[in-house]
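Examining the three-dimensional arrangement
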Amino acid sequence: MGNGKDSMTLAHGSGGRLSHELIEGIFRKRFANPILAQGDDAAEFGIQNSEFRMAYTTDSYVIKPLFFPGGDIGKLAVCGTVNDLAMKGAVPLHLSAGFIIEEGFALDRLERIVDSMAAAAREAEVDIVTGDTKVVEKGGCDGLFVNTSGIGLIPPGVAVSGANARPGDAVIVSGTIGDHSVAVMNARHGFGLSGDLASDVAPLAGLVAAMLAVGGIRALRDPTRGGLATALNEIALQSGVRIGIEEQAVPVRPQVRGACEMLGLDPLYAANEGKLVAVVEAGRAEPVLRAMRRHSYGRDAALIGKIEAGPPGVALLTPLGTRRPLLMLEGEALPRIC
Amino acid sequence: MSGLDLEKYRDPALARKLVARIAALATAPASLMEVCGTHTMAISQFGIRGLIPKAVRLLSGPGCPVCVTSLGDIDRMIAIARQPGVVLATFGDMVRVPGSAGSLAAARAAGADVRVVYSALDALRIAVEQPAKQVVFAGVGFETTSPTIAATVIEARDRGVGNFSVYPAFKLVPPALEAILSGGRVGIDGFLLPGHVSAIIGSRPYRFIAEQHGVPCVIAGFEPLDILEAIALLLEQRAGAAGASVQNEYSRSVPEQGNPDALKILEQVFQPVDAMWRAIGTIPRSGLGFRPAFARFDAARLFDIAAAPASEPDGCRCGQVMMGLIQPDQCGHFGKTCTPSDPVGPCMVSSEGACAAWFKYGVTA
């Protein structure tokens with residue numbers, strides 16, 4: 001059936017199952033190499049004659065609108081790459097920034113975006129050390145797209161990977177989920193939702209450093225596109241474990257839950273830009289939680305479940321006490337119409 | 001923000017009490033049909049089938065507006081979207097529904113200007129901002145959705161917007177229930193009636209179900225405790241001596257007379273017409289068409305596109321799912337050749353479709 005199988009659809013970029021199939025089917029098999037095969041948020045590789053290892057990542061940002069409550073595309077572009085490095089336990093060092101700008105784009109808006117990138121880089125203690133600018137004719141892109149890449153150093157003794165979860169480990173989320181998605185949708189579509197809806201976009205390297213100082217951190221993921229549900233499924237697949245999550249333990253701000261109810265969205269699939277999910281050795285869960293809650297980006301950190309033995313997947317305990325599978329995002333997350 | 005204390009409607013202790021009440025009532029097998037996609041999703045999301053006795057079967061009805069939109073209507077919407085100078089504005093759920101050859105998403109990938117909007121007013125705004133374009137809104141939905149679209153048409157008329165129209169593929173809930181009951185192919189012991197639709201039409205249009213067919217009805221909200229309470233009420237009606245009636249469990253949102261203002265606007269713009277339901281067939285007076293005074297907003301008239309004969313995909317059993325004849329996983333395509341990212345039939349596409357609910361929440365019969 002001619003349902004667009006021979007061309008890209010927006011669902012290929014949703015971060016869910018189709019994105020995975022695209023990466024596996026087009027990119028991974030052609031670029032095949034052992035470092036790419038790690039499948040984490042950043043690639044990890046050794047440095048000659050050093051105990052340190054390197055983390056390297058890249059991401060492109062095409063968000064609409066460019067400015068939204070809580071941030072803008074510039075802050076997002078710095079935080080997103082910093083966070084991908086942090087999810088490997090790396091200390092972020094240097095970033096690159098590439099801009100594709102549409103003819104006619106207002107310079108004062110560009111300045112605001114670059115100011116915000118500089119501020120985010122200062123907060124994350126990284127330098128933007130190289131960059132590139134391309135201008136395309138009107139209609140060649142939608143306003144402005146940004147790509148950032150980054151390198152970071154993984155200290156000796158730190159081994160964080162989505163493949164390291166073991167039965168018995170605790171699962172922790174660093175705070176409320178869904179804030180970014182709902183704030184951006186509200187700004188994009190003018191739903192007119194009241195209440196202080198703001199993106200959570202934030203650099204998480206400091207929070208991760210505080211967690212690593214306690215120890216026992218096995219896996220980290222920032223649940224961006226595809227949300228918490230997809231991030232948990234990725235860890236379950238990489239580690240070959242079952243993850244049990246208690247729905248009521250997952251922190252969601254009431255205004256975000258209300259907006260999701262109204263729009264027919266599930267906060268578990270909503271994107272976050274300043275949150276992480278961690279798999280932690282059971283014995284270290286409490287001290288890690290305490291350390292997280294002392295940090296400004298981990299104040300609402302919560303224990304949400306644990307790693308179990310069993311076929312890979314995620315099981316959700318609903319508020320009614322029933323258990324059901326929590327699957328990866330399928331297709332685009334869309335509001336209902338009735 | 002939501003205006004509701006949701007926790008109250010998800011309380012596990014209250015749920016256990018309701019489940020015990022249901023268990024005591026489930027002395028004989030009962031087939032209950034939920035007639036709203038939002039109910040279908042909630043039942044699967046909260047694992048309600050796992051809580052109640054096996055004797056109580058929950059069947060999905062034709063309550064997903066995207067799913068019941070006919071192949072011919074989808075094909076015509078795609079054909080309209082392909083016309084030069086046309087912007088086709090639609091709710092997101094419609095974009096990936098397969099027609100007889102491709103979907104709106106495929107048309108968009110091939111260059112058609114298909115835009116996802118969140119209300120008909122968004123589509124009207126596009127029309128005002130882009131006067132050189134013909135903006136056509138894909139008018140899909142039940143009584144919940146159609147009044148806001150009628151209001152948008154009135155606004156377009158009052159503001160003199162000449163480049164805005166609506167393709168009317170609206171459906172009405174009560175005639176579909178009549179068709180299911182008079183079809184007699186599935187025995188139904190009770191209807192879980194849609195809260196949102198009922199907030200507009202009230203409870204009177206359902207009375208024939210209880211009075212003529214003797215089938216219990218309960219208008220229900222969408223929280224787990226609403227649904228459990230409604231199931232208990234349906235079983236109590238069946239067991240009771242008073243006979244079937246239409247009860248309103250969702251009185252916090254549904255007044256008995258519905259929303260007279262919304263109904264007035266609806267009747268001003270639209271009138272009942274016979275309508276084709278996907279995989280089900282034509283049901284008399286089960287759709288809405290434009291009244292003559294608003295005919296210039298009727299995209300079906302403005303774009304006179306003949307519907308080529310269309311047939312459902314091979315082996316797709318969405319029609320039987322929507323009529324309560326089979327459960328989603330009894331279809332051979334389910335979960336194998338038909339998934340939400342690569343759907344064969346409409347029930348797997350829509351976020352309110354029964355197959356999508358079963359797949360997403362891992363439900364099995």
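To keep things clear, this report deals only with the structure shown in the data block. (Residues numbered from 1 in each chain as written. Chains lettered and ligands numbered in written order. Predicted model: local features only at pLDDT ≥ 70, side-chain atom pairs only at ≥ 80, totals over all residues.)

Some words on the overall build of chain A
A count of helical and extended segments in chain A gives 8 helices and 14 strands. The C-alpha atoms of chain A give 19 Å as radius of gyration, which agrees with the globular expectation for 338 residues (20 Å, within 12%). Across its three principal axes, chain A shows a C-alpha extent of roughly 60 × 55 × 45 Å. Every one of the 338 residues in chain A was classed for burial, and the buried ones make up 50%. (Helix = DSSP H or I, 4+ residues; strand = E, 2+ residues; numbered from the N terminus. Rg over C-alpha atoms; globule rule 2.2 N^0.38 Å. Buried ≥ 20, exposed ≤ 12 C-beta atoms within 10 Å, placed from the backbone.)

Focus: the packing of helix α2 (residues 73–86) of chain A against helix α3 (residues 107–124) of chain A
Residue and element names in this part refer to chain A. Interhelical geometry of α2 versus α3 gives an angle of 30° and a closest axis separation of 7 Å. The angle between α2 and α3 falls in the class roughly parallel. Remark: the crossing between α2 and α3 carries right-handed chirality. Contacts between α2 and α3 involve I73, G74, K75, A77, V78, C79 and V82 from the former and I113, V114, S116, M117, A120, A121 and A124 from the latter. Broken down by class, the residue content of the contact of α2 with α3 amounts to 11 nonpolar, 2 polar and 1 charged. (Axes fitted to C-alpha atoms, helices over the stretch in contact; angles between N-to-C directions. Parallel < 35°, antiparallel > 145°, perpendicular 65-115°, else oblique. Left-handed = near helix turned anticlockwise from the far one by under 90°. Contact = placed C-beta atoms within 7 Å. Nonpolar A, V, L, I, M, F, W, Y, C, P; charged D, E, K, R; others polar.)

Looking at the environment of T40 of chain B
Residues and elements named next belong to chain B. By the secondary structure assignment, T40 is in helix α2 (residues 37–45). Separated by 302 residues in the primary sequence, T40 and D342 have C-alpha atoms spaced 21 Å apart. Beyond its immediate stretch of four places on either side in the chain, T40 contacts E34, S60, G63, E352, A354 and A357.

Looking at unusual backbone geometry
Of note, the amide linkage connecting K64 of chain A to P65 of chain A takes the cis form, showing an omega dihedral of -5°. Mapped onto the elements of the fold, P65 of chain A is located in the loop between β2 (53–61) and β3 (67–68). Of note, the phi angle at R285 of chain B is positive, near 45°, even though the residue is not glycine.

Re helix α6 (residues 227–239) of chain A
Each α-helix winds once per 3.6 residues, and so residues spaced three or four apart point in a common direction. Residue and element names in this part refer to chain A. In a regular helix each residue adds 1.5 Å, so 13 residues correspond to 18 Å; α6 covers 19 Å between its end C-alpha atoms and thus fits that length. Among the 13 residues that make up α6, 11 are buried, leaving the element largely enclosed by the rest of the structure. Packing partners of the buried residues in α6 comprise β8 (170–173), β9 (217–221), β10 (242–246), β11 (277–280) and β13 (313–317). Downstream of α6 by one or two residues, G240 has phi in the positive range, about 65°. (Expected span 1.5 Å × (residues − 1).)

Structural notes on the packing of helix α7 (residues 146–158) of chain B against helix α12 (residues 260–269) of chain B
All names here are of chain B. Running from amino to carboxyl end, α7 crosses α12 at an angle of 60°, the nearest separation of the two axes being 8 Å. Put simply, α7 runs oblique to α12. Here α7 runs over α12; the crossing is left-handed. Two secondary-structure elements touch here, α7 through S146, P147, A150, A151, V153 and I154 and α12 through A262, I265, L266, Q268 and V269. For the contact of α7 with α12, the residue count by class is 9 nonpolar, 2 polar and no charged.

Thoughts on the sheet that holds β2 of chain A
Residues and elements named next belong to chain A. Here we have 5 strands laid out as an open sheet, ordered β1-β2-β7-β5-β6, and mixed in their pairing. Edge strands, defined here as strands with exactly one partner in the open sheet, are β1 (43–46) and β6 (127–136). Direction aside, the axes of adjacent strands within the sheet are offset by 15° on average. Examined bridge by bridge, β2 and strand β7 (residues 144–154) share 9 bridges and lie antiparallel to one another. Residue pairing in the sheet places T57 in a bridge with G150 of β7. Where α2 meets the sheet, its contacts fall on β2, β5 (91–102) and β7, and the angle it forms with β7 comes to roughly 30°. (Pairing = 2+ DSSP bridges.)

Quick word on helix α5 (residues 205–214) of chain A
Residues and elements named next belong to chain A. Within α5, the full set of buried residues consists of A205, L207, V208, M211 and L212. Looking straight down α5, one finds that the buried residues subtend no more than 155° of arc, so they occupy a single side. Lining the buried residues of α5 we find α2, β5, α3, β9, β11 and α8 (285–294). (Arc of directions from axis to C-beta.)

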